[in-house]
Amino acid sequence: MNMRVLVVEDDKEIRAFIRSSLSIEGYEVQTAVSISEARAMLQQALPDVMVLDLGLPDGDGIELVREVRKQHNLPILIVSARHQEAQKILLLDAGADDFLSKPFSVGELLARIRVALRHRGTSLAAAVTEYVLDDLRIDLASHVVQCRGEVLHLTPTEFKLLARLVRSAGRVVTHRQLLSDVWGNEFIDHTHYLRLYMAQLRAKIEENPAEPRYLLTETGVGYRLAI
Ligand code: CA
């Protein structure tokens, strides 16, 4: 059966663009132009994933994120022209899975949808324990990280941080999430730890740490392991 996507977007052109891009890939697409219309559609049938704009005629998309998250595990991908970092963190905290800044390409949209589905929709599937991209191979089960054919020696904390990103590969992980999962809840304000360890990891993994290929920065929000 085809995956069903609910697209909530009031801009006619963007809506049409998303619809056609997803239909070609075999997704079954439903669209809504407002929060109230989306709400009504969600009550009838739950899609496999929701793509949500924020500026909607009858309110802010974040209201819908909070509402949906109270009852459902449905992956939510935000598409928005807003670039404020605080806003993005607020959305992720409210339960959105990821965000895509407008303008975005079809390729980016499809990749983010696949990642959101993998992380939430198939929560019963085995956890991600292997990561391979170009010259980087990470096997969490055997604790082996290989880069450009060489086995890397990572400290326990570096490995923990990298492992956390592997488990969410392709998705942004906020500073708070990383600090809490790697160091513990009492360290969520210690962002300098994160900067330090990320710099160490990049020095070991990246060919050019100043222009990372794998460990990407989401400015002011967190980090994302490229896929
Ligand atoms: Ca809009």
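All values derive from a computational prediction rather than experimental measurement.

This part is about the sheet that holds strand β1 (residues 4–8). In space, the 5 strands of this open sheet follow the order β2-β1-β3-β6-β7, with parallel pairing throughout. Each edge of the sheet is formed by a strand with only one pairing partner; in this case those strands are β2 (28–32) and β7 (98–101). When the angles between neighbouring strand axes are averaged without regard to direction, this sheet yields 20°. Where strand β3 (residues 49–53) and strand β6 (residues 76–80) come together, 4 bridges link them in parallel fashion. Considered in β6, the bridge of D53 is made with V79. In the packing of helix α1 (residues 12–24) onto the sheet, the strands contacted are β1, β2 and β3, and the crossing angle to β2 comes to about 165°.

Attention shifts here to helix α6 (residues 156–167). Along its 12 residues, α6 runs 16 Å from first to last C-alpha, staying within 8% of the 16 Å computed at 1.5 Å per residue. Among the residues of α6, E158, F159, L161, L162, A163, R164, L165 and V166 are the ones counted as buried.

In this description, an aromatic ring pair is defined by two values, namely the gap between the centres and the angle between the planes. Inspection of the entire model under this criterion finds 4 aromatic pairs. Residues F187 and Y193 carry aromatic rings whose centres are separated by 5.8 Å and whose planes lie at 35° to one another, so their mutual orientation is tilted. With a relative accessible area of 23%, F187 lands in the partly exposed category. Aromatic rings pair up to connect W183, F187, Y193 and Y197 into one cluster. Here the basic side chain of R213 rests over the ring of Y214, its NZ or CZ set 5.4 Å away from the ring centre.

On to the environment of A86, then. Structurally, A86 can be placed in helix α4 (residues 85–94). The sequence separation of A86 and G220 amounts to 134 residues, and the corresponding C-alpha distance is 7.7 Å.

Pairing is antiparallel in the open sheet, where 4 strands are placed in the order β8-β9-β10-β11. The sheet is open, and its two borders are formed by β8 (130–133) and β11 (150–151), each paired with just one other strand. Both strand β9 (residues 136–139) and strand β10 (residues 144–147) contribute to a ladder of 4 bridges, which runs antiparallel. Following the sheet pairing, R137 is matched in β10 by Q146.

Alternating residues of β9 divide into L136 and I138, all buried, and R137 and D139, none buried. Bridge analysis of β8 against β9 gives 4 bridges, and the strand direction is antiparallel. The residue bridging L133 from the neighbouring strand is L136, located in β9. Hairpin connection from β9 to β10: 4 residues lie between these consecutive antiparallel strands, with H143 at a positive phi of about 60°.

Attention now moves to the packing of helix α3 (residues 61–71) against α4. Between two packed helices, what matters for the description is the angle formed by their axes and the separation of those axes. Closest axis-to-axis distance for the α3/α4 pair is 9 Å, and the angle between their directions is 20°. If you check the angle between α3 and α4, you find them roughly parallel. Handedness of the α3/α4 crossing: left-handed. In this structure, α3 uses I62, V65, R66 and R69 to contact α4, whose residues at the interface are L90, L91 and A94. Residues that form the contact of α3 with α4 fall into these classes: 5 nonpolar, no polar and 2 charged.

It is possible for side chains of opposite charge to pair when their charged atoms get near one another. Scanning all chains against the criterion turns up 10 salt bridges. Here D181 and R164 are joined by a salt bridge, their closest N and O atoms 2.5 Å apart. With D181 in helix α7 (residues 175–182) and R164 in helix α6, this pair connects stretches of sequence that are 17 residues apart. A relative accessible area of 41% places D181 in the partly exposed class. Each of the salt bridges in this network shares a partner with another, and the network as a whole consists of E9, D53 and K102.

With that settled, the discussion passes to the nonpolar core. When a protein is soluble and globular, its nonpolar side chains tend to lie buried together. The biggest cluster of nonpolar side chains holds 31 residues, and the ones touching the most others in it are Y131, L161, I205 and L215. Of all the secondary-structure elements, those providing two or more residues to this core are β8, β9, β10, α6, α7, α8 (191–205) and β14 (222–225). If you tally residues by element for this core, the top one is α6, at 6 residues. Residues contacting L215, with those up to four places away along its chain left out, are L162, L165, M198, L201, R202, I205, E206, R224 and L225.

Reading the values: rules and limits
- Residues numbered from 1 in each chain as written.
- Predicted model: local features only at pLDDT ≥ 70, side-chain atom pairs only at ≥ 80, totals over all residues.
- Heavy atoms only, no water.
- Pairing = 2+ DSSP bridges.
- Helix = DSSP H or I, 4+ residues; strand = E, 2+ residues; numbered from the N terminus.
- Axes fitted to C-alpha atoms, helices over the stretch in contact; angles between N-to-C directions.
- Contact = heavy atoms within 4.5 Å.
- Expected span 1.5 Å × (residues − 1).
- Buried < 20%, exposed > 50% of the residue type's maximum accessible area, 1.4 Å probe, protein only.
- Phe/Tyr/Trp six-rings, centres within 6.5 Å; stacked < 30°, edge-to-face > 60°.
- Lys NZ or Arg CZ within 6 Å of the ring centre and 35° of its normal.
- Parallel < 35°, antiparallel > 145°, perpendicular 65-115°, else oblique.
- Left-handed = near helix turned anticlockwise from the far one by under 90°.
- Nonpolar A, V, L, I, M, F, W, Y, C, P; charged D, E, K, R; others polar.
- Salt bridge = Lys/Arg side-chain N within 4 Å of Asp/Glu carboxyl O.
- Core = buried A, V, L, I, M, F, W, Y, C linked by side-chain atoms within 4.5 Å.

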